[in-house]
Amino acid sequence: MASAQILCFAVLLLLATTAVSARRHAPPQAGPAGQSTYMAPNCREHTASLTDFGGVGDGNTSNTAAFRKAVEHLSQYSGEGGGGGMLYVPAGRWLTAPFNLTSHFTLFLHADAVILGTQDVAQWPVIDPLPSYGRGRDHAGGRYASLVSGSNLTDVVITGNNGTIDGQGATWWSKYKSGKLKYTRGYLIELMHTDGVFISNVTLLNSPAWNIHPVYSRNIVVSGVTILAPVKSPNTDGINPDSCSQVRIEDCYVVSGDDCVAVKSGWDEYGIAVGMPSEHISVRRLTCVSPTSAVIALGSEMSGGIRDVRAEDITAIGTESAVRIKTAVGRGAYVRDVYARRMRLDGMKRVFWMTGDYKSHPDDGYDKAAVPVVENISYQDVVATGVWKEAARMQGIQGAPFKGICMANVTMEMTKERKVSWNCADVEGVSAGVTPAPCTPLQGTHGGACPFPTDTLAVDQITVQQCSYSVSSTPASSASSAASGTAN
């Protein structure tokens, strides 16, 4: 890789570190009567501190029991009319094994709070594989639980003053690469069958694998989140909505060893059987660095279907591709109605990439007649500089070409002139104002603009309010009366 691109990585990482540090050490907003405030869709009437339940933030003492007791205590307020509960994680380094959240609940991290995932693999419970996958992604069989998780919940908030959740993933990456893990690695955050997820103003570091994984869920907002992992760390995807509906990802910064955002919906025959699509997804103002993967990937596990994905105002540096579609015979279902506009890309391996023969299957039981449909894919107002491999690699499926591809006002500056800058097969579409000129199957003419939806998604109507809280050092037995939260 060119030295100029490496320099770009270094500068970008320095800027990211500086920005995260500045946000983390910014003082919390003052609320009424000296209370602190934060922004969230819903406020909580009851607040407790992790220290109320015996938490010790020295980086060595296990706080698994403290987290679990705290959530259990606050779960008494999760029912109808209970007012909800907030767990405050103060400054310190809080070592823990995986723990579950509850409904109408906020996990709030102080600016100098670090939740540390234990490196003792034995403390990570093994759970069943997802029904839409049929097995773990790393191995057949079960998978390790995620560090912060929950299932069948309503109204879950993870936020703070840019505190940190650190998965300490190096141990996991080493064991994975050397084949020493029996089960699939856990994620940092996974919420299943949940209605109402709001994750904001936190920093996620060094996940064992994926960072944020909402699955079978809806009404999800991920806003102002920083995700950092070494660019060679395996499968450290940033944000992966999986069989989810109404998702809003905005103002996030991701440096990872895999896709910055990956939209998924199940794997081959298992995903087809569950049949739950990912749909109505908005990604805006995303910044991505991922030298070996995509800014936004669709698939490859997409057997429940993917539709209505909207990406705009995207920035990427030193990333393998912009919007990548990954699928294969056996996946079935569809990827359709995908719209991307206003993308600024630098130091890319390639800009556009579609793959119809992604070679990854859970087992040999997939249906070879399950051919996916890919159609209505639009790209507009894209500027890419320093493209060093090829402008695009667009490879559909023989006998089932990817159709309805639209490109308009796209400029890709190659680092050096190439005889062939486009690699195309089994695709059909139109283009206008595209440089370098696209391959023949994409040279159909159109009016100069590609479609982008004008309607407002339901998730875009989710708003936040100012919430206030105060935390005392009162013992846990009286935490509900000593700590309070109010809406302003």
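What you are looking at is a predicted structure, and each value in this text was computed from that prediction instead of being measured.

1. Regarding the layout of surface pockets
Then, in step 1: Space inside the second largest pocket adds up to approximately 190 Å³.
Then, in step 2: Every residue lining the second largest pocket is counted, 16 residues in all, and those nearest its centre are Arg137, Asn235, Asp258, Lys326 and Tyr358.

2. Quick look at the confidence of the model for the chain
Then, in step 1: Averaged over every residue, the pLDDT of the chain is 92; the share at 70 or more is 90%.
Then, in step 2: Confidence drops under a pLDDT of 50 for residues 17–27, and excluding neighbours within four residues, the segment shows twelve contacts in the predicted structure.

3. Some words on the packing of aromatic side chains
Then, in step 1: For the structure shown, the criterion picks out 14 aromatic pairs.
Then, in step 2: With 5.9 Å between their ring centres and 15° between their planes, Tyr88 and Phe108 make a pair best called stacked. Note that Tyr88 is positioned in strand β5 (residues 85–89) and Phe108 in strand β8 (residues 105–109), a separation of 20 residues in sequence. The burial state of Tyr88 is the same as that of Phe108; both residues are buried.
Then, in step 3: Taking the centre distance of 4.5 Å and the plane angle of 50° together, the rings of Phe352 and Tyr379 count as tilted. Within this pair, whereas Phe352 is found in strand β30 (residues 352–355), its partner Tyr379 is found in strand β31 (residues 373–387), the two being separated by 27 residues in sequence.
Then, in step 4: Under the relative-accessibility criterion, Phe352 is labelled buried at 1%.
Then, in step 5: Through pairs of rings, three or more aromatic residues link up here, namely Tyr38, Tyr88, Phe108 and Tyr469.
Then, in step 6: The ring of Tyr334 carries the charged tip of Arg336 above its face, separated from the ring centre by 4.4 Å.
Then, in step 7: The lysine or arginine in question, Arg350, covers the ring of Trp353, its NZ or CZ lying 4.1 Å from the ring centre.

4. With respect to the state of the cysteines
Then, in step 1: Taken as a whole and assessed by the stated rule, the structure comprises four disulfides.
Then, in step 2: Here Cys260 is linked by a disulfide to Cys288, with a sulfur-sulfur distance of 2.1 Å. Its torsion about the S-S bond being 75°, the disulfide of Cys260 and Cys288 is classed as right-handed. Within this pair, whereas Cys260 is found in the loop between β22 (253–255) and β23 (261–263), its partner Cys288 is found in strand β25 (residues 287–289), the two being separated by 28 residues in sequence.
Then, in step 3: Taking relative accessible area as the criterion, Cys288 reaches 0% and is therefore assigned buried.
Then, in step 4: Residue Cys424 pairs covalently with Cys439 via a disulfide, S to S 2.0 Å.

5. Some remarks on helix α3 (residues 170–177)
Then, in step 1: Thr171, Trp172 and Trp173 are the residues of α3 that are buried.
Then, in step 2: Among the structural elements, β11 (143–144) are those in contact with the buried residues of α3.
Then, in step 3: Immediately beyond the C-terminal end of α3, within one or two residues, lies Gly179, with a positive phi of roughly 70°.

6. Quick notes on the sheet that holds strand β32 (residues 392–395)
Then, in step 1: Across the sheet, six strands lie side by side as β23-β26-β28-β30-β32-β34; this open sheet has parallel pairing. Two strands close off the open sheet at either side, each with one partner strand: β23 and β34 (422–425). Averaged over all adjacent pairs, the angle separating strand axes in this sheet is 15°, with direction ignored.

7. A short note on the pattern of salt bridges
Then, in step 1: Going through the model one piece at a time under the given rule, you end up with 23 salt bridges.
Then, in step 2: With a shortest N-O distance of 3.4 Å, Arg284 and Glu250 are connected by a salt bridge. Remark: Glu250 occurs in strand β21 (residues 245–250) and Arg284 occurs in strand β24 (residues 278–284); sequence separation between them is 34 residues. The pair Arg284 / Glu250 is uniform in exposure class, with both members buried.
Then, in step 3: Here Glu320 and Lys349 are joined by a salt bridge, their closest N and O atoms 3.7 Å apart. Taken together, the residues span a long stretch of sequence, with Glu320 in the loop between β27 (306–317) and β28 (321–326) and Lys349 in the loop between β29 (334–346) and β30 at a distance of 29 residues.
Then, in step 4: A relative accessible area of 21% places Lys349 in the partly exposed class.
Then, in step 5: Here the residues in one salt-bridge network are Arg248, Glu250, Asp251, Arg284, Arg285 and Asp460, joined through shared partners.

8. Things to note about the pairing of strand β6 (residues 92–96)
Every regular strand shows the same layout, with side chains that alternate between the two sheet faces.
Then, in step 1: Extensive coverage of β6 is indicated by the burial of four of its five residues.
Then, in step 2: Relative to β6, strand β4 (residues 58–62) runs parallel, the two sharing two bridges. In the sheet register, Ser62 faces β6, and the bridge partner there is Leu95.
Then, in step 3: Sheet topology places β6 next to strand β9 (residues 113–117); five bridges connect them, and they run parallel. Bridging from a neighbouring strand, Arg93 pairs with Val114 of β9.

9. Concerning the sheet that holds strand β12 (residues 148–151)
Then, in step 1: Spatially, the four strands line up as an open sheet ordered β7-β12-β15-β18, and their pairing is parallel. The sheet terminates laterally at β7 (99–100) and β18 (212–215), the two strands that pair on one side only.
Then, in step 2: Pairing between β7 and β12: two bridges, direction parallel. Pairing of Phe99 across the sheet is with Val148, part of β12.

10. Details of unusual backbone geometry
Then, in step 1: Here the bond from Gly299 into Ser300 is cis, since omega is 5°, no more than 30 degrees from zero.
Then, in step 2: Secondary-structure assignment places Ser300 in the loop between β26 (294–298) and β27.
Then, in step 3: Cis peptide bonds are those with omega within 30 degrees of zero, and the linkage from Thr435 to Pro436 qualifies with -5°.
Then, in step 4: Mapped onto the elements of the fold, Pro436 is located in the loop between β35 (427–435) and β36 (465–470).

Thresholds applied
- Residues numbered from 1 in each chain as written.
- Predicted model: local features only at pLDDT ≥ 70, side-chain atom pairs only at ≥ 80, totals over all residues.
- Heavy atoms only, no water.
- 1 Å grid on protein atoms, 1.4 Å probe; cavity = no way out; pocket = protein on both sides within 12 Å on 5 of 7 lines; lining within 4 Å.
- Points joined across faces, edges and corners; volume = space filled by probe spheres on them.
- pLDDT = per-residue confidence, 0-100.
- Contact = heavy atoms within 4.5 Å.
- Phe/Tyr/Trp six-rings, centres within 6.5 Å; stacked < 30°, edge-to-face > 60°.
- Helix = DSSP H or I, 4+ residues; strand = E, 2+ residues; numbered from the N terminus.
- Buried < 20%, exposed > 50% of the residue type's maximum accessible area, 1.4 Å probe, protein only.
- Lys NZ or Arg CZ within 6 Å of the ring centre and 35° of its normal.
- Disulfide = S-S within 2.5 Å.
- Pairing = 2+ DSSP bridges.
- Axes fitted to C-alpha atoms, helices over the stretch in contact; angles between N-to-C directions.
- Salt bridge = Lys/Arg side-chain N within 4 Å of Asp/Glu carboxyl O.

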